[in-house]
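# Observations on the model geometry
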Amino acid sequence: GMHVLSAQSLTNSGLFKVSIRYLQKLEFFGDIIVALGVLWRDKVSYLFHHSPGMPFEEGICHIKFYPATKSSLGMVLLSRKKDEEIKEIYSDYDLIPRYKGIKELLKDIHKFRQSGYAILKNNKNVSVAVEIGFPSYAAIGISGEISNSNLNLYINVLRNISKKIAEDISNEKS
């Protein structure tokens, strides 16, 4: 029964079916991780997470839940929530992954909310994500050794793909 429910949710939402062809186009950027995910409370559920060198189809549901505060997808989706909602989500946390407390988290959330994208840096690895839809229901992102000089290019590409995915999903429902 779980497999039937999973298959129906992926195909009936249209998100995965529409997104997959656009995600595949991101492979031309080379050695980067390509991801599509949705937010579930304080976690990102990745519908797609493809690492360089793996067959493309193995990226489907490759990773389970991941802390939203450690993911650019999670952070851009959190940024679309009200501060009160975010405080409620993390009210039982003694430690928020990557953050010393709620004030530090909200500082980044406000920055991402204003820019419309989230960037997380960890040594040489840079992760960037944009939301899909208005109001947002998913996010796409890439991660890898991304130089500052290429960051705006990636953001614009992700925004264009996000817009196309949202338009295609809207057209499918019509």
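Further up the page is the structure itself.
About the cut-offs
- Residues numbered from 1 in each chain as written.
- Predicted model: local features only at pLDDT ≥ 70, side-chain atom pairs only at ≥ 80, totals over all residues.
- Heavy atoms only, no water.
- Salt bridge = Lys/Arg side-chain N within 4 Å of Asp/Glu carboxyl O.
- Helix = DSSP H or I, 4+ residues; strand = E, 2+ residues; numbered from the N terminus.
- Buried < 20%, exposed > 50% of the residue type's maximum accessible area, 1.4 Å probe, protein only.
- 1 Å grid on protein atoms, 1.4 Å probe; cavity = no way out; pocket = protein on both sides within 12 Å on 5 of 7 lines; lining within 4 Å.
- Points joined across faces, edges and corners; volume = space filled by probe spheres on them.

### Side note on the pattern of salt bridges
Scanning all chains against the criterion turns up five salt bridges. Measuring nitrogen to oxygen at the nearest pair gives 2.8 Å for the salt bridge that ties Glu131 to Arg80. Here Glu131 is found in strand 5 (residues 125-132), whereas its partner Arg80 is found in the loop between helix 3 (72-78) and helix 4 (83-89), with 51 residues between them in sequence. You can call Glu131 buried: its relative accessible area is 17%. On the basis of relative accessibility, which here comes to 31%, the residue Arg80 falls in the partly exposed class. One salt bridge connects Arg113 with Asp83, and the closest N-O pair in it is separated by 3.0 Å. Placement of the pair is Arg113 in helix 5 (residues 102-115) and Asp83 in helix 4, with a sequence separation of 30 residues. On the basis of relative accessibility, which here comes to 26%, the residue Arg113 falls in the partly exposed class. Of the residues examined, Asp83 reaches a relative accessible area of 19% and is grouped as buried.

### Focus: the layout of surface pockets
Considering only enclosed or pocket space, the second largest pocket measures out at about 350 Å³ in volume. Considering the residues around the second largest pocket, the lining is formed by 20 residues, among which Tyr66, Lys70, Asn125, Ser127 and Ser143 are closest to the centre.

By themselves, these are just geometric observations and shouldn't be taken as functional.
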